[in-house]
Amino acid sequence: MKIFFLFTFLPFLLSAFEQAAASAHYDKILTHSRIRARDQGPNVCALQQVMGTKKKYFSTCRNWYQQSICGKKATVLYECCPGYMKMDGTRGCPAVAPIDHVYGTLGIVGATTTQRYSDMSKLRQEIEGRGSFTFFAPSNEAWDQLDSETHRNLVDNVNIELYNSLHHHMLNKRMLTKDLKNGMTLVSMYNGQKLFINHYPNGVVTVNCARIIHGNQIATNGVVHVIDRVLTSVANTIQDFIEFEDELSSFRAPAITSGVMDILGRPGHYTIFAPTNEAFEKLPRGVLERIMGDKVASEALVKFHILNTLQCSEAITGGAVYETLEGNTVEVGCDGESLTVNGVKMVKRKDIVRSNGVIHLIDQVLIPDSAKQVIELGGAQQTTFTDLVAQLGLASSLRPEGQYTLLAPLNGAFSDDTLRLDQRLLKRILQNHIIKVKVGLNELYNGQELETIGGKLLRVFVYRTAVCIENSCMVRGSKEGRNGFIHIFRQIISPAEKTLHEMLRNDKRFSIFLSLVKAADLDDVLSQPGQWTLFVPTNDAFKGLTDDDKDILIRDKNALRNILLYHLTQGVFIGSGFEPGVTNILKTIQGGKLYLKTVNDTLLVNELKSRESDLMATNGVIHVIDKLLYPAELPVGNDQLLTILKKLIKYIQIKFVRDSTFKEIPLTFYKINIIESNVQPIITKEDPSITQLTKLIEGEPEFKIVREGETITKVIHGGPEIKYTRITAGGSDNEEKLKKILEEEAPVRKAQPTRRAQGGGARRRTRLDHS
């Protein structure tokens, strides 16, 4: 009668348990396993088994669809879900598994070794009797994997050692997986010993880092969870382990001097990847000595090995990113039976459980960026730059106590021609990639000027999806080190040397355009300080233009200015700063609009290809085109002028409205009243001083003397508000001083950096202006 009642009541009992467990990770994963196996019949669960092993998992969606666990192929198994069993001649698992006391349930779940040891140690009577127990029962394989000495000691002393060990696996109350909360500490039935529970989002539940592989097998007097290893007593803290473990003496020293050791003695849920003495011996001696002599760096080093969450190895079934106490992240993953850190197999010994966390011993030292010198931040894609900096003697000028910013081009930015340059010239180029102050990505803004150790001022341009310095734009990968930042750039940075007008005058390709600029009295626009983007047609754009045609154009100055000023827009717009494939609309000085976008690294202007882009000038940038631009909406009212424009412009239909005239464009748009000041801001690493110049739209000029850090105001008619900021660091070397230094250097030599191509791609040739 009792058995009939139990069989009748059990489905309702289990249903209640399932409803209560709806929010538990283990039970959610189990529910997904039921859904995946629904075609196999009722109460069937789908599991994944790692090929070549006996390890089985109720899998997450990620592992299921990848068909792998820890990078290893996983096969699909279909088994009865916990609590159910098969019946002959029927599909699935329609029958409820028989319910028995805890001792009998050990046999039902296949934990026969634990059942036999319970019998040998006289525990059987207790777990067959009255009470409510939770038994974390080691599987048969778990007992087989226990080291032989420990196993022998238990079996040789069954009445004390084995009995106590089994009691250490038990609680005196029933707790289902839904009750086992992450971070929970429970008291076992042996001598008040602690059991540390972790319940992970991927459904894995661990007890002292042993994984529950078959959970929630209900018994009349409790519940049985099968685990994958035999539990041992947990004593002391992580601090105690490090202090007495000879293999960790090298790690112990910085942990003590930095004060981090005290943290590891406090209550918590830590994971520590502890480098062994062998790991420290692999470090270059100079690097280790520098870090150990710097308390900030050594503290960062130790904290970079510590997570503020407890990660048992059995809970890691794929890669995941975790924040360290240092503040940066590490990726912890697995490769078969091995744990990986940042993709590298380095864990020698895992799951050393202590009262406040778990320790994994590793054979490599993890060095965070915050403990590195700025030159050490360069990655595999910047090795050409870092090799040259070292080879040309610039690395020694980056003092550990200084503050710097490296603007590191990718390996592919260094063409063969660049690497064959005179060594002194190459050194000067690299000097223009080292800023005298430490400037992070979030400190850069449009109009900023940064001074290099070579004495050049580099301009910063900030766009919607890009940050550029002069002609080169950043790519992802900025890092902060102990004495500076490193930012990664697509191309070698070429500081501007000439104005827009000087660049046009020195290039014969632009002689016709320049003559028209002169005829329109626009020379000063391209000569004076400012921020302009100029689209310059080459002489090829004027094929078919006769001298008479040119005279007609020149005589109609309004028409000529409208045409030329349609090629000019205020602001510096670098081609590589545009978001690829997206149209950008710029208003020209003429008033019309230009439509720009980049496709396959080519700049298109009104759908016309720019033959050469991003030629930097001190007052703007030039993009070279081989067609004359004309605003499509602007009508022509003169037959002669229409005939001339049709010769030059065939890609659009020019409107003709008889007797219409071109508007007059006054030259006030570029007249700038410049205020001179003797104030020279000095940047210190503690408190940068910044002088700002703000351009106003209306009103009269206001002249005033300013102090360091104050605002200088100037009035410009027309155009948007723009702020210019210059950052310097205690003055700059002038050209004469630099020439003198070059003259005093050793005879000409060629640098021989290690050549490493970026990403295996083709090396791009870089055009440099050294005049």
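The coordinates are above.
Nothing here was measured: the structure is a model prediction, and the numbers come from that model.

Cut-offs and rules
- What you see as residue numbers is a count from 1 along each chain, following the sequence as written.
- Selection of residues for local features in this predicted model requires a pLDDT of at least 70, selection of side-chain atom pairs for listing and counting requires 80 or more, and totals for whole chains, interfaces and linings are taken over all residues.
- In computing side-chain properties, one takes all heavy atoms of the structure into account and sets aside hydrogens as well as water.
- For two strands to be treated as a pair, DSSP must find no fewer than two bridges joining them.
- For the purposes of this entry, the term helix denotes a DSSP run of H or I that reaches at least four residues, the term strand denotes a run of E that reaches at least two, and both are numbered from the N terminus.
- For this analysis, a salt bridge means a side-chain nitrogen from Lys or Arg found within 4 Å of a carboxyl oxygen belonging to Asp or Glu.
- In this analysis, two residues are considered to be in contact whenever any of their non-hydrogen atoms come within 4.5 Å of each other.
- What counts as an axis is a line fitted to C-alpha atoms, over the stretch in contact for a helix, and the angles between N-to-C directions run from 0 to 180 degrees.

(A) Seen up close, the sheet that holds strand β16 (residues 320–323). Spatial strand order, β16-β17-β18-β19: 4 strands in an open sheet with antiparallel pairing. At either margin of the open sheet sits one strand with a lone partner, and together these are β16 and β19 (344–345). Pairing geometry for strand β17 (residues 329–335) and strand β18 (residues 338–341), over 4 bridges, is antiparallel. Bridge pairing in β18 links Cys334 to Leu339.

(B) A look at the pattern of salt bridges. The full count for this structure, using the stated rule, is 35 salt bridges. One salt bridge connects Arg124 with Asp119, and the closest N-O pair in it is separated by 3.6 Å. For Lys178, the salt bridge identified is with Asp179, shortest N-O distance 2.9 Å. Overlapping salt bridges, with partners in common, bring together Lys55, Arg211, Asp228, Arg229, Glu314, Glu337 and Asp351 in one network.

(C) Representation of the pairing of strand β33 (residues 602–605). Two strands pair when backbone bridges link them, and strand β32 (residues 593–599) and β33 are joined in this way by 4 bridges, in the antiparallel orientation. Its bridge partner being in β33, Lys597 is matched across the sheet by Leu604. Linkage of β32 to β33, two consecutive antiparallel strands, is achieved through a turn of 2 residues, within which Asn600 is found at a positive phi near 55 degrees. The sheet contact formed by β33 and strand β34 (residues 608–617) spans 2 bridges and is antiparallel. Across the sheet, the residue bridging to Val605 is Leu608, located in β34. Adjacent in sequence and paired antiparallel, β33 and β34 are bridged by 2 residues, among which Asn606 carries a positive phi angle near 50 degrees.

(D) Just the sheet that holds strand β2 (residues 56–57), in detail. The strand order across the open sheet formed by 4 strands is β2-β1-β4-β3, and the pairing between neighbours is antiparallel. Two strands close off the open sheet at either side, each with one partner strand: β2 and β3 (68–69). Relative to β2, strand β1 (residues 44–50) runs antiparallel, the two sharing 2 bridges. For Gln49, the partnering residue across the bridge sits in β2 and is Lys56. Where helix α2 (residues 25–36) meets the sheet, it contacts β1 and β4 (72–80), and its direction lies at approximately 100 degrees from that of β1.

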